[in-house]
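Structure assessment
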Amino acid sequence: MASSHTAAIAPNEREATVAESNERPQKSACVHDELLHDGTMILLHSCKHELMTLNPTAAIVWEYCDGEHSPDAIAAEIREVFPDAAHVEDEVMILLQQLIEQNYLTDENL
Amino acid sequence: MENEAMIDHYDLLGYRLALSIPDAEAHAVAARMLAGFRLNTDDGMGPVTRYVVTDKQDGSLHIPDGCWYISVNDALTDWYYTIAETLVALERLIVNSALIFRADLFHLHSAALVAPFSEQGILLVGESGSGKTTLALALMLRGFLVYSDDVTLITPTTLALEPFPRAFRVDASTRALVEQLGAPPTWDFDMPPGSDYFFPPHNAVARVAARIALFLDRDCQPDQTPRLIPLAPAEAARLLLMNAPTLPYAGALTIATAARLTASARCYRLQSGDLRATVEMVMALVAEGRDGT
């Protein structure tokens, strides 16, 4: 059966490597998403047969990956929700990079 | 002894079939295995899949003499050395075909029951060997009505449990545990085709919604105290999806239904222990709506 893991936004020491402000992350067509009633989200990558769960903040980031919002714009949206949080921009970039590396986001626009 | 062209008709949630087994003894066993799905007549409505089980051949099939085989719509599927293994394979083939036919439903590796004093459907979810059948039988001794044993089918929109009266597979250890609890004499665990097939009364007919989901831990000891551990929605959804065979080919429907289930059902990890204590804990959960921890 599919493997699963959780992607969250949390401080860590990796450098963000995605991140030109004119890029627009887009959800992969292979991925089905479903919001759960507590704000977490489950992602099914049907091509990889893999499950991923997102905490509520990561779920908001995911929702903005519509090919219309740049990473900076997504970070700005998260910053509005969490104005006092530290490292929001870095954490958004790290999450986006993780989702790209694991093929949950396409990089057609990147 | 041969029965000439005896054909029985069955309906598994709309998957309709006509089964011909000329051998009288094999026919009787198959009829018992599929009794929950039997149709009294074929009313001629809708397509019917034709199954034949026999050991008679004209030499064109290239299988050993004396072996049994199954054909589906006149095409050979497989052959077997004994009638017992043939009938086991037949039942599995029919059920799997029905499940494919009803890919519009959410499928779950679980038993499903409802308490006689409640309209809460209960799912016992877990892989083979996790204790679903044992706990289901023990709950049946306390009056629970059963929808299914090994695979449960759920309507995605309403979360209603569909009655699926398939024979249970009961191994020796399960049988011993259930007999200790006082299984009635009418529960005959020794009926053909094999000693591990059991045909309990599938008596749940009203379609209730699943309201409790218990995920059985595989590694539990019979002398330990049972525990219920509430699950967060994401973990419950993950466990549902890991036990949903429709996930690879009906992903969107499957995860949507799983999300709906986690929203409307109380979900727990069940570390079962002593069977009596586990049953009491489940009954308390159903009756009082409280965690058992």
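The notes below deal with the structure included here. (Residues numbered from 1 in each chain as written. Chains lettered and ligands numbered in written order. Predicted model: local features only at pLDDT ≥ 70, side-chain atom pairs only at ≥ 80, totals over all residues. Heavy atoms only, no water.)

1. Notes on the overall build of chain B
A tally of regular secondary structure across chain B gives seven helices and 16 strands. Computed over C-alpha atoms, the radius of gyration of chain B comes to 20 Å, within 12% of the 19 Å expected from 2.2 N^0.38 for 293 residues, which places it in the range of a compact globule. Principal-axis analysis of the C-alpha atoms gives chain B an extent of 65 × 45 × 30 Å. Residue burial in chain B is summarised as follows: out of 293 residues, 54% are buried. Pairs at least 24 residues apart make up 68% of the contacts formed inside chain B by residues separated by at least 6 positions. Here chain B contributes 22 positive and 34 negative side-chain charges, whose respective centroids are spaced 9 Å apart. (Helix = DSSP H or I, 4+ residues; strand = E, 2+ residues; numbered from the N terminus. Rg over C-alpha atoms; globule rule 2.2 N^0.38 Å. Buried < 20%, exposed > 50% of the residue type's maximum accessible area, 1.4 Å probe, protein only. Contact = heavy atoms within 4.5 Å. Lys, Arg positive; Asp, Glu negative; His and termini not counted. Charge placed at Lys NZ, Arg CZ, Asp CG, Glu CD.)

2. Focus: the environment of B:Gln120
All names here are of chain B. Structurally, the position occupied by Gln120 is in the loop between strand S7 (106-114) and strand S8 (121-125). Gln120 gets classed as buried once you look at its relative accessible area, which sits at 18%. Along the chain, Gln120 and Glu91 lie 29 residues apart, while their C-alpha atoms are 30 Å from each other.

3. Examining helix H2 (residues 83-101) of chain B
With 19 residues, H2(B) should cover 27 Å at 1.5 Å per step; its first-to-last C-alpha distance of 26 Å lies within 8% of that length. Residues of H2(B) that are buried: B:Thr86, B:Leu87, B:Val88, B:Ala89, B:Leu90, B:Glu91, B:Ile94, B:Val95, B:Ser97, B:Ala98 and B:Leu99. (Expected span 1.5 Å × (residues − 1).)

4. Some points on the interface of chain A and chain B
Each side of the interface is counted separately: chain A has 14 residues, and chain B has 14 residues. Contact between chain A and chain B buries roughly 1300 Å² in total, counting both sides, with carbon and sulfur atoms accounting for 80%. Our count for the contact surface shared by chain A and chain B stands at zero residue pairs in polar contact (both at pLDDT 80 or more). Taken together, the elements giving at least two residues each to the side of chain A that touches chain B come down to strand S3 (31-35), strand S4 (41-45) and strand S5 (50-54) of chain A. The leading source of residues in the side of chain A that touches chain B is S3(A), at four residues. (Buried area = accessible area lost by both parts, 1.4 Å probe. Polar contact = N/O pair within 3.5 Å; in protein donor to acceptor, adjacent residues only side chain to side chain.)

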